[in-house]
Amino acid sequence: MKYKSKFTKYITYLVMFFFYLPMVIMTVNSFNSSRFGVVWKGFTLKWYFKLCQDPQILNALLHSLIIGISSMIVAMLLGTIAAFCIYHFRSKYQMFQQFMIYSQLGIPDILMGMSLLLFFIAINIKLGLLTIFIAHVTFCISYVTLVVLGRFQDFDYSVIEAARDLGAGWSIIISKILLPFLMPGIIAGGLLAFTLSIDDFVITFFVTGSGSTTLPVYIYSMIRHGTPIIINALSVLFLVVTIIVVIITQKLLTKENTA
């Protein structure tokens with residue numbers, strides 16, 4: 001017999017209230033005609049129009065998209081290879097690789113950002129889009145690897161052995177067997193990497209350079225110099241894109257688990 005706990009229900013409501021009320025307030029204020037968003041003065045879309053006309057914001061958005069898409073593609077490739085190596089090979093080196101993949105998820109962002117900054121300075125690489133790209137690939141690989149590795153748990157390796165016995169080469173095995181089976185996990189891991197990349201601030205803040213500001217860093221700089229209402233509109237668009245990507249990722253993972 002199951003007992004319903006009112007305490008659990010109230011805690012759930014409190015957590016949802018704590019998490020989502022600021023987002024609701026931000027969304028409402030993005031349509032507020034008041035410049036400071038304190039008092040409601042009527043519905044307007046002018047902040048969204050101003051957002052589309054600001055060249056600095058558009059430039060920061062372009063940088064975020066370039067870094068997000070490029071790091072997603074590279075992380076998908078390297079993460080899939082890493083997952084296959086961890087699954088296929090059983091050696092001390094692969095155990096060490098698996099340890100490094102898992103341990104990277106627990107490293108604080110500020111520590112990773114400082115480490116990467118010191119590394120780039122030590123090898124004399126100028127901070128810019130390249131250093132941001134390398135940093136994002138570094139922390140995105142682990143997430144892609146774990147998602148694809150989860151897909152490998154349901155894979156029957158005897159299919160590859162049967163294909164090799166029938167004379168199929170690795171090119172055929174990869175294109176006809178592995179990729180179709182792993183594709184939902186690869187895409188889900190890639191979308192997760194894209195979300196983490198485009199949303200990252202702490203690591204990006206350490207490795208960014210002049211003329212390579214991404215959108216989260218630009219939002220932070222806008223907040224430091226005041227709280228213009230245009231930030232609400234920008235944050236709402238940012239939130240909508242993130243939610244869409246997360247929903248698509250969740251659907252792919254659900255499809256992957258039920259396949």
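Before any of the text, the structure's been laid out above.
Computed from a predicted structure; not experimentally measured.

(A) Inspection of helix α2 (residues 46–53) at higher detail. Within α2 the residues assigned to the buried category are Trp47, Tyr48 and Leu51. Angular distribution of buried residues about the axis of α2 spans 100°; they occupy a single face of the element. Pointing more than 90 degrees away from the buried face of α2 are the exposed residues Phe49, Cys52 and Gln53.

(B) Representation of the packing of aromatic side chains. Under the criterion given, the structure shown has ten aromatic pairs. With centroids separated by 4.8 Å and ring planes inclined at 15°, the aromatic side chains of Tyr87 and Phe152 adopt a geometry described as stacked. Highlighted residues: Tyr87 in helix α3 (residues 55–88) and Phe152 in helix α6 (residues 129–152), separated in sequence by 65 residues. Classification of Phe152 by relative accessible area gives buried; the value is 0%.

(C) Inspection of the nonpolar core at higher detail. In terms of nonpolar packing, the biggest core is built from 58 residues, with Ile57, Leu116, Val148, Phe152, Phe155, Leu178 and Leu215 touching the most fellow members. Counting residues per element, this core draws most heavily on α6, which supplies eleven residues.

(D) Fine view of the side chain of His63. Looking at the element boundaries, His63 is found in helix α3. The exposure class of His63 is buried, given its relative accessible area of 8%. Leave out the neighbours within four places in its chain, and His63 touches Leu129, Gly211, Ser212, Thr213 and Thr214.

(E) Structural detail: α3. In this model α3 runs 49 Å from its N-terminal to its C-terminal C-alpha over 34 residues, within 8% of the 50 Å that 1.5 Å per residue would give. Its side-chain oxygen at 3.0 Å from the backbone nitrogen of Gln56, Asp54 defines the N-terminal cap of α3.

(F) Up close: the side chain of Thr214. Of note, Thr214 is situated in the loop between α9 (202–207) and α10 (215–224). Not counting residues within four places of it along the chain, the set of residues in contact with Thr214 comprises Ala60, His63, Ser64, Ile132 and Thr204.

(G) View of the environment of Pro108. If you trace the backbone, Pro108 turns up in the loop between α4 (92–104) and α5 (109–122). Note on Pro108: relative accessible area 45%, which makes it partly exposed. The sequence separation of Pro108 and Ala75 amounts to 33 residues, and the corresponding C-alpha distance is 20 Å.

(H) Here's a closer look at the packing of α3 against α10. Direction vectors running N to C along α3 and α10 enclose 145°, while the axes themselves pass 8 Å from each other. Here Gln56, Ile57, Ala60, Leu61 and Ser64 of α3 come into contact with α10, specifically with Leu215, Pro216, Tyr218 and Met222. In the contact of α3 with α10, the residues fall into seven nonpolar, two polar and no charged.

(I) Unusual backbone geometry, seen in detail. Here the phi dihedral of Asn124 falls at roughly 60°; this positive angle occurs in a residue that is not glycine. Considering the arrangement of structural elements, one finds Asn124 in the loop between α5 and α6.

(J) Summary view of the packing of α4 against α6. Packing of α4 against α6 leaves a shortest axis separation of 9 Å and a crossing angle of 115°. Here α4 is positioned roughly perpendicular relative to α6, judged by the angle of their axes. Where α4 crosses over α6, the handedness of that crossing is left-handed. Along the contact surface, α4 presents Ile101, Tyr102 and Gln104, while α6 presents Thr138, Phe139, Ile141, Ser142, Thr145, Leu146 and Leu149. Looking at side-chain class alone, the contact of α4 with α6 contains six nonpolar, four polar and no charged residues.

Quick notes on the rules
Residues numbered from 1 in each chain as written. Predicted model: local features only at pLDDT ≥ 70, side-chain atom pairs only at ≥ 80, totals over all residues. Heavy atoms only, no water. Buried < 20%, exposed > 50% of the residue type's maximum accessible area, 1.4 Å probe, protein only. Helix = DSSP H or I, 4+ residues; strand = E, 2+ residues; numbered from the N terminus. Arc of directions from axis to C-beta. Phe/Tyr/Trp six-rings, centres within 6.5 Å; stacked < 30°, edge-to-face > 60°. Core = buried A, V, L, I, M, F, W, Y, C linked by side-chain atoms within 4.5 Å. Contact = heavy atoms within 4.5 Å. Expected span 1.5 Å × (residues − 1). Polar contact = N/O pair within 3.5 Å; in protein donor to acceptor, adjacent residues only side chain to side chain. Axes fitted to C-alpha atoms, helices over the stretch in contact; angles between N-to-C directions. Nonpolar A, V, L, I, M, F, W, Y, C, P; charged D, E, K, R; others polar. Parallel < 35°, antiparallel > 145°, perpendicular 65-115°, else oblique. Left-handed = near helix turned anticlockwise from the far one by under 90°.

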